[in-house]
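The residues making up each chain are set out below.
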2 protein chains.
Amino acid sequence: MKAAYYNGNKEFKLTAGTEVAPGQGEVKIKVAYCGICGTDQHIFHGVMDKRVSIPQVIGHEASGVVVEIGSGVDNVKVGDKVVVRPLNWCGECPTCEAGNSHICTSLKFMGIDSIGAFQEYWTVKARILHKCPDNISLKTAALIEPLAVACHDLRRGRLKAGEYAVILGGGPIGLLIAMAAREAGAKVIISEINEYRLKLAVDMGFETFNPLQGDIKAHVMAATANTGADVVFEVTASAPGAAIMTELLRPRGRIVLVGIYSQPQTINLFNFFWKELEMIGARVYEPEDFDQAVKLTAEGKLPLEDIISGVYNLTEIQQAFESFEGNSTAMKVLVQCEQN
Amino acid sequence: MKAAYYNGNKEFKLTAGTEVAPGQGEVKIKVAYCGICGTDQHIFHGVMDKRVSIPQVIGHEASGVVVEIGSGVDNVKVGDKVVVRPLNWCGECPTCEAGNSHICTSLKFMGIDSIGAFQEYWTVKARILHKCPDNISLKTAALIEPLAVACHDLRRGRLKAGEYAVILGGGPIGLLIAMAAREAGAKVIISEINEYRLKLAVDMGFETFNPLQGDIKAHVMAATANTGADVVFEVTASAPGAAIMTELLRPRGRIVLVGIYSQPQTINLFNFFWKELEMIGARVYEPEDFDQAVKLTAEGKLPLEDIISGVYNLTEIQQAFESFEGNSTAMKVLVQCEQN
């Protein structure tokens, strides 16, 4: 079978991979599509070489079909359409025992810390599979993993119908949060500085704002009868995002920190006191977030496919990753791993 | 009657005040004791002259006895021992309508934004009075207002029995949080750099740690089987406190921001992502926090009086405030407003 190995130094090599027979509790999947995540791009740029084991197959936003099951597997059967929750937790640490295995203190993220999905067949534990109804296409199903991130973010922020949500950052995760928030009955505004992304968001029917061209605080205050937003989703991981997020909220408003900040940031803590704000970290997803993402996708109300900007064959994975370079308009790029 | 007016420039003037007859919904209190808060010391130092109306009677940690009631008052009667929740809210803004009148967008804090308690008689709205059982002394009752702050902080942090709480800062509020947390069944450690405060905390039976003399993160990790604290109460409003608070917590741990930071701080947001931390702002109190503080005080299990470091007569208010100057060992200083 074909498998794409990240080889370091912005290079993938397509070589013959090894199909792994599923052991006890394991399942072999024929991978259909696997999306490219921002984290995959970080790996491509060499900034995560300490976590990957070069050469390594990466990729974690996978859809596929079960082709073989190991002993003791009873949650899926051969032929099932599935998506993968790419987490490997210890099950024994205090965090796992407290029911928070998704942030297990020794969590291994599949496709980063271990072999991933950019290959024709992927053998994984059955416990991380979620079945998809037949009406979901395998291409759309590859968006369920990032949609589960968005569902987790909404849940962490306790977003309710009728609330006003500001989403700082209109990349794929920001747009998925926007879709899920709108579907949940919230009013949504997306703040973004990239004109292509702004246009895409507008085409999807979202209100947008370019904070380089106006005062976003004044805009949000005017839109909320001078009260402020209920929830801010910070998805930019930028210093301007960190600086403005506390300014946009009403008293008792919530910040959901979605962006991954590699550097400490300057934060207005007085606003936390004065308005009794909350800031809530959000990382990956829990099983119920995947269930919700599958449900939303099956209902077909979200314009998920609108964020797919390109589909490349596994044999073109180098070009797929290079499509993000420079002043790119790429949003969500999928790699078709199934070979005809 | 005697009344102490803050006159600007670190000066109080004791002059004849005017007793105010209670109007509709109002109550005249004979003030017994009023504690000096950190905020009062800020006023004394001139840094809040924009909010006070010099010359002004300040003070807001008051106990007293009802001596006269206006029309329509049915929650207290003449002779009742009471404490004052010194908040004046509009009742009409979206924050008040959402049930959060304690952070009303046009909140007036009595004793800062309007006349306070450093006088023999104080006329206030009946809606902010909490009755005290007879077994609470009026001197101890003056600690109920800061204890209500501590009760609010615990509630904001959702502290539960058996949890491990780190309290950064061992001043009066830090010690009151520690008392309430211990009474709630939490394990408590107080981090403090002032040797006098450390000794006082030790004398009250608390575990303490001086972060200038050791690695507090290593200490907390060792004490929690390498997991981290459940809740950090940040009461120092210091840059080192802001820097360390995210390091001490377990996954899904909570920070309660109690200290009032006048300057933005450098915060490790990666820790919020990685451990799904929460940071919760806390400001003053809600009615139920006062009820809880009255209840805890009436039960007599908290060593509240241990933090009273001095009692001055209203005629000595200048000395009372000056007792905090320099390398002071003053903790909670009370002003006796009742004149014999």
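Criteria and thresholds
- Residues numbered from 1 in each chain as written.
- Chains lettered and ligands numbered in written order.
- Predicted model: local features only at pLDDT ≥ 70, side-chain atom pairs only at ≥ 80, totals over all residues.
- Heavy atoms only, no water.
- Pairing = 2+ DSSP bridges.
- Helix = DSSP H or I, 4+ residues; strand = E, 2+ residues; numbered from the N terminus.
- Axes fitted to C-alpha atoms, helices over the stretch in contact; angles between N-to-C directions.
- Buried < 20%, exposed > 50% of the residue type's maximum accessible area, 1.4 Å probe, protein only.
- Least-squares fit on C-alpha atoms with pLDDT ≥ 70 in both.
- Domains from an automatic or database assignment.
- Buried area = accessible area lost by both parts, 1.4 Å probe.
- Salt bridge = Lys/Arg side-chain N within 4 Å of Asp/Glu carboxyl O.
- Polar contact = N/O pair within 3.5 Å; in protein donor to acceptor, adjacent residues only side chain to side chain.
- Nonpolar A, V, L, I, M, F, W, Y, C, P; charged D, E, K, R; others polar.

### A short note on the sheet that holds strand 10 (residues 164-168) of chain A
- On the basis of which strands lie adjacent, the open sheet formed by twelve strands has the order 12(A)-11(A)-10(A)-13(A)-14(A)-16(A)-16(B)-14(B)-13(B)-10(B)-11(B)-12(B) and mixed pairing. The two strands at the open ends of the sheet, each matched to only one other strand, are strand 12 (207-209) of chain A together with strand 12 (207-209) of chain B. For this sheet, the mean angle separating the axes of adjacent strands, direction not counted, is 20°.
- Bridging between strand 16 (residues 278-281) of chain A and strand 16 (residues 278-281) of chain B involves three bridges; their strand directions are antiparallel. Looking at the pairing, M279 of chain A lines up with M279 of chain B of strand 16 of chain B.

### Let's talk about the pairing of strand 5 (residues 81-84) of chain B
Residues and elements named next belong to chain B.
- Taking every second residue as pointing to the same face, both faces of strand 5 are buried, with K81 and V83 on one and V82 and V84 on the other.
- In the sheet, strand 4 (residues 61-69) pairs with strand 5 via three bridges, with the strands oriented antiparallel. Its bridge partner lying in strand 5, V65 is registered against K81.

### Some thoughts on the relation of the copies chain A and chain B
- Superposing chain A onto chain B takes a rotation of 180° combined with a translation of 0.0 Å along the rotation axis, leaving an RMSD of 0.0 Å. Expressed as an axis order, the relation between the two copies is that of a two-fold axis.

### Some remarks on the domain arrangement of chain A
All names here are of chain A.
- Each assigned domain of chain A is listed with its residue range as follows: domain 1 (2-142 + 303-336) and domain 2 (147-281).
- Averaged C-alpha coordinates put domain 1 and domain 2 at centres separated by 28 Å.
- Roughly 960 Å² is buried in total at the junction of domain 1 and domain 2, and carbon and sulfur atoms are behind 78% of that figure.
- Applying the counting rule to domain 1 against domain 2 returns zero salt bridges.
- In this structure, the connection of domain 1 to domain 2 is made through one residue pair in polar contact (both at pLDDT 80 or more).
- Each residue belonging to the side of domain 1 that touches domain 2 can be placed in one class, and the counts come to five nonpolar, two polar and two charged.

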